[in-house]
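Below are the chains, spelled out letter by letter.
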Amino acid sequence: MPTVETLRGPVDVGELGQTLMHEHVFVVATEHLDNYGKGAWWDEEHRVADAVTKLNAVAAKGVRTIVDPTVWGLGRYIPRVQRIAEQVPGLHIIAATGIYSYEELPHQYEHRGPGLIFDCPDPMIDDFVRDLTEGIADTGVKAAFLKCVVEAKGLTPGVERICRAVAQTHVRTGAPITVHTNSFAQSGLIALDLFAKEGVDLRKVVVGHSGDSNDLDYLMRLADTGAILGMDRFGLDVYNPTAQRVATIAALCQRGYADRMVLSHDAACFMDYFGGAWDDTLGTLAPNWRYDHIHDDVLAALLDSGVTDDQIEQMLVFNPKRYFS
Ligand SMILES: [Zn+2]
């Protein structure tokens with residue numbers, strides 16, 4: 001059996017089990033944390049302990065793996081996640097490489113690359129490949145998949161360069177891709193078109209946040225390419241309420257698409273977008289935006305809507321396993 005890299009090293013894909021395909025442990029930008037969080041809203045020990053509690057709780061519900069697409073731009077910091085992984089022995093955590101940007105290229109790549117001031121092969125690709133094949137910084141942890149974004153603004157020059165670098169890294173390494181998309185702008189189509197032109201195997205692409213849409217024509221156009229729909233924001237009712245998300249998944253299962261959907265929440269133990277107000281914000285604005293909403297509420301709702309146990313297993317176990325195989 002093939003293996004997949006996790007925070008604690010390689011694991012047989014047969015051991016991944018029930019997998020939530022898009023969850024963050026932390027979304028905390030290092031510069032924000034170092035300059036404004038420390039001494040204010042950030043308590044490292046409290047946050048690590050809180051994460052350990054939340055992740056052990058979801059493992060107790062039967063989840064064996066979470067796939068964490070936190071990359072540069074969202075505050076990837078592997079040593080902190082490693083500390084947590086050591087204390088959550090029942091859960092595999094899979095790390096990503098790539099860049100999260102809606103528009104701009106990081107300045108660090110602005111002058112280096114083909115035809116630029118420092119004319120050389122794109123160093124972004126070298127960095128992504130190193131994360132996947134040698135490890136991230138000096139942590140010993142290897143990334144197992146790639147992440148990029150195509151938002152409502154589409155392929156800005158910065159986004160296009162990042163997406164092409166991600167696609168070319170996929171072609172070179174075989175690592176699968178998760179792309180954040182804006183379902184209301186239907187940007188998943190733009191992402192898949194670019195990937196196809198770069199020679200990406202679209203069966204290895206999760207079109208992230210597809211579940212924000214209930215437009216079956218749009219969703220089937222994506223899935224008919226072979227790509228996987230990320231039904232991955234359960235609990236974010238502000239984009240699409242749970243009942244609607246469930247109805248859309250049930251409709252797609254009925255049409256034969258259970259082999260092209262994965263489930264998740266896009267939740268985090270802590271997200272610095274709300275600063276110190278995170279715990280309060282979460283409780284009032286999105287009380288179901290947590291790792292166990294799917295097991296506590298959504299699976300029963302899917303069954304009530306006519307989705308079968310086999311289809312749930314397909315979405316939670318077999319599709320993630322195939323993606324990482
Ligand atoms: Zn996310």
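Residues numbered from 1 in each chain as written. Predicted model: local features only at pLDDT ≥ 70, side-chain atom pairs only at ≥ 80, totals over all residues. Heavy atoms only, no water.

In the annotation of an unreviewed UniProt entry, the entry for the protein reads Phosphotriesterase-related protein, and the organism field reads Nonomuraea antimicrobica. Under the UniProt heading Sequence similarities (unreviewed entry), the note attached to the protein is "Belongs to the metallo-dependent hydrolases superfamily. Phosphotriesterase family." (UniProt positions renumbered as here; feature names shortened; annotations may be inferred.)

Q: Looking at this structure, how should I read the overall build of the protein?
A: A tally of helices and strands in the protein yields eleven helices and 15 strands. Its C-alpha atoms give the protein a radius of gyration of 19 Å, within 12% of the compact-globule value 20 Å for 325 residues. In terms of its C-alpha atoms, the protein occupies a principal-axis envelope of roughly 60 × 45 × 40 Å. The buried share among the 325 residues of the protein stands at 58%. In the protein, once contacts between residues fewer than 6 apart in sequence are set aside, the share between residues at least 24 apart is 76%. Positive and negative side-chain charges of the protein, numbering 28 and 45 respectively, have mean locations separated by a distance of 3 Å. (Helix = DSSP H or I, 4+ residues; strand = E, 2+ residues; numbered from the N terminus. Rg over C-alpha atoms; globule rule 2.2 N^0.38 Å. Buried < 20%, exposed > 50% of the residue type's maximum accessible area, 1.4 Å probe, protein only. Contact = heavy atoms within 4.5 Å. Lys, Arg positive; Asp, Glu negative; His and termini not counted. Charge placed at Lys NZ, Arg CZ, Asp CG, Glu CD.)

Q: What should I look at first to understand the coordination of the zinc ion in this one?
A: Under perfect tetrahedral coordination by four donors, a metal shows angles of 109.5 degrees; under perfect octahedral coordination by six donors, it shows angles of 90 or 180 degrees. Every protein donor of the zinc ion is accounted for by H22 (NE2), H24 (NE2) and D266 (OD), and the metal-donor separations fall at 2.1 Å. Sequence positions of the residues that donate to the zinc ion give the spacing H-x1-H-x241-D. Here H22 is found in the loop between β3 (18–20) and β4 (26–27), whereas its partner D266 is found in the loop between β14 (261–263) and β15 (270–271), with 244 residues between them in sequence. Grouping residues by exposure puts H22 and D266 together as buried. (Donors = N, O, S within 2.8 Å, 3.2 Å for Na, K, Ca; no water.)

Q: Please explain helix α7 (residues 216–223) as it appears in this structure.
A: Note that an α-helix has 3.6 residues per turn; residues three or four places apart therefore point the same way. Buried within α7 we find Y218, L219, M220, L222 and A223. Along its buried surface, α7 packs onto α6 (187–197), β12 (205–208), β13 (228–231) and α8 (242–254). N-capping of α7 is provided by D215, with a side-chain oxygen placed 3.1 Å from the backbone N of D217. (Polar contact = N/O pair within 3.5 Å; in protein donor to acceptor, adjacent residues only side chain to side chain.)

Q: What is the right way to read the pattern of salt bridges from this model?
A: A side chain with one charge may pair with a side chain of the opposite charge, provided their charged atoms come close. Counting across every chain of the model gives 24 salt bridges. For K54, the salt bridge is made with D50, and the minimal N-O distance between the two is 2.8 Å. In this pair, K54 and D50 both sit in helix α2 (residues 44–60), four residues apart, roughly one turn of the helix. What emerges from the salt-bridge pattern is a single network uniting K61, R290, D292, D296 and D297. (Salt bridge = Lys/Arg side-chain N within 4 Å of Asp/Glu carboxyl O.)

Q: Got a minute to help me understand the UniProt feature "modified residue: N6-carboxylysine" (unreviewed entry) in the protein in this structure?
A: Here, the residues flagged by UniProt with the feature "modified residue: N6-carboxylysine" (unreviewed entry) are K147. As for its position among the elements, K147 is in strand β10 (residues 145–150). Among the residues examined, K147 registers a relative accessible area of 1% and is labelled buried. Not counting residues up to four positions away in its chain, the partners in contact with K147 are H22, H24, P69, V71, L74, T97, G98, I99, Y100, V166, T178 and H180. Within the structure, the side chain of K147 is placed 3.3 Å from the backbone oxygen of P69, a separation counted as a polar contact.

Q: Looking at this structure, I do not really get the sheet that holds β10. What am I missing?
A: Whenever strands of a sheet pair, they do so through backbone hydrogen bonds, lying parallel or antiparallel. On the basis of which strands lie adjacent, the open sheet formed by six strands has the order β7-β10-β11-β12-β13-β14 and parallel pairing. Of all strands in the sheet, those with a lone pairing partner are β7 (96–98) and β14, marking the two edges. Between one strand and the next, the sheet's axes are offset by a mean angle of 30 degrees, whatever the strand orientation. Of the strand pairs in this sheet, β10 and strand β11 (residues 177–181) are connected by five bridges, and their pairing is parallel. Bridging from a neighbouring strand, L146 pairs with I177 of β11. Helix α4 (residues 123–133) rests against β7 and β10 of the sheet, and its axis sits at about 170 degrees to β7. Along the sheet face, α6 touches β10, β11 and β12 and points at about 145 degrees away from the line of β11. (Pairing = 2+ DSSP bridges. Axes fitted to C-alpha atoms, helices over the stretch in contact; angles between N-to-C directions.)

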